[in-house]
Amino acid sequence: MARYKQFLRICQQWPLDSTKEGRDIAVAIRQGVAKAFKEGENTQVNAAECDRVYTSLERLNTGHWNNKYPRRKPTTFTGLTLEDYKLVLASESLTDMQETKKSSWQRIKEKFSGQEDSKDV
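Looking at an unreviewed UniProt entry, one finds the protein chain named Mitochondrial nucleoid factor 1 and attributed to Branchiostoma lanceolatum. Of the comments in the UniProt record for the protein chain, the one headed Subcellular location (unreviewed entry) reads "Mitochondrion matrix, Mitochondrion nucleoid".

A. Just the packing of aromatic side chains, in detail. Overall, the coordinates contain four aromatic pairs when judged by the stated rule. Between tryptophan 65 and tyrosine 69, the aromatic rings sit 6.2 Å apart at their centres with planes inclined by 10 degrees, giving stacked as the arrangement. The class for tryptophan 65 is partly exposed, based on a relative accessible area of 36%. Judged by its relative accessible area of 56%, tyrosine 69 is exposed.

B. Up close: the side chain of aspartate 24. Of note, aspartate 24 is situated in the loop between helix H1 (2-13) and helix H2 (25-36). In this structure aspartate 24 comes out as buried when scored by relative accessible area, which is 9%.

C. Molecular detail of the pattern of salt bridges. Taken as a whole and judged by the stated rule, the model has three salt bridges. A salt bridge links aspartate 51 to arginine 3, with the nearest nitrogen and oxygen atoms 2.8 Å apart. Separated by 48 residues along the polypeptide, aspartate 51 in helix H3 (residues 47-62) and arginine 3 in helix H1 bring together distant segments of the chain. By relative accessible area, which is 32% here, aspartate 51 ends up partly exposed.

D. Representation of the side chain of threonine 43. With respect to the secondary-structure elements, threonine 43 resides in the loop between H2 and H3. Threonine 43 gets classed as buried once you look at its relative accessible area, which sits at 16%. Engagement of the side chain of threonine 43 in a polar contact is seen with the backbone nitrogen of glutamate 39, the distance being 2.8 Å. If near-sequence neighbours (up to four positions away) are discounted, threonine 43 is found in contact with Ala36, Phe37 and Lys38.

Reading the values: the criteria
Residues numbered from 1 in each chain as written. Predicted model: local features only at pLDDT ≥ 70, side-chain atom pairs only at ≥ 80, totals over all residues. Heavy atoms only, no water. UniProt positions renumbered as here; feature names shortened; annotations may be inferred. Phe/Tyr/Trp six-rings, centres within 6.5 Å; stacked < 30°, edge-to-face > 60°. Buried < 20%, exposed > 50% of the residue type's maximum accessible area, 1.4 Å probe, protein only. Helix = DSSP H or I, 4+ residues; strand = E, 2+ residues; numbered from the N terminus. Salt bridge = Lys/Arg side-chain N within 4 Å of Asp/Glu carboxyl O. Polar contact = N/O pair within 3.5 Å; in protein donor to acceptor, adjacent residues only side chain to side chain. Contact = heavy atoms within 4.5 Å.

Rendered as structure tokens:
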């Protein structure tokens with residue numbers, strides 16, 4: 001019973017990222033908890049596996065690995081910062097990139113077949 005409440009606490013503490021619609025790890029965690037605990041507190045679970053998963057999620061949530069292995073620089077080998085990555089990985093940016101990746105032929109074909117995006121019309 002206590003395990004279910006621990007996972008609910010993790011779900012409440014894990015922030016939702018509205019810029020990553022359908023790809024947010026918080027949503028995936030919530031769905032995993034809902035699937036694993038179908039009957040809520042009454043669900044029978046493998047205690048060892050449940051504790052292992054909980055410990056891993058708790059370490060990620062509290063920044064255990066960031067504190068244990070601090071970064072020397074705020075950038076990666078590409079020179080991009082965390083804010084740059086957040087901007088690039090936002091769902092809106094990804095859709096814009098998909099649109100620019102289309103060839104001229106694909107855009108013309110979509111235009112004449114009536115498959116234009118609703119935001120362009």
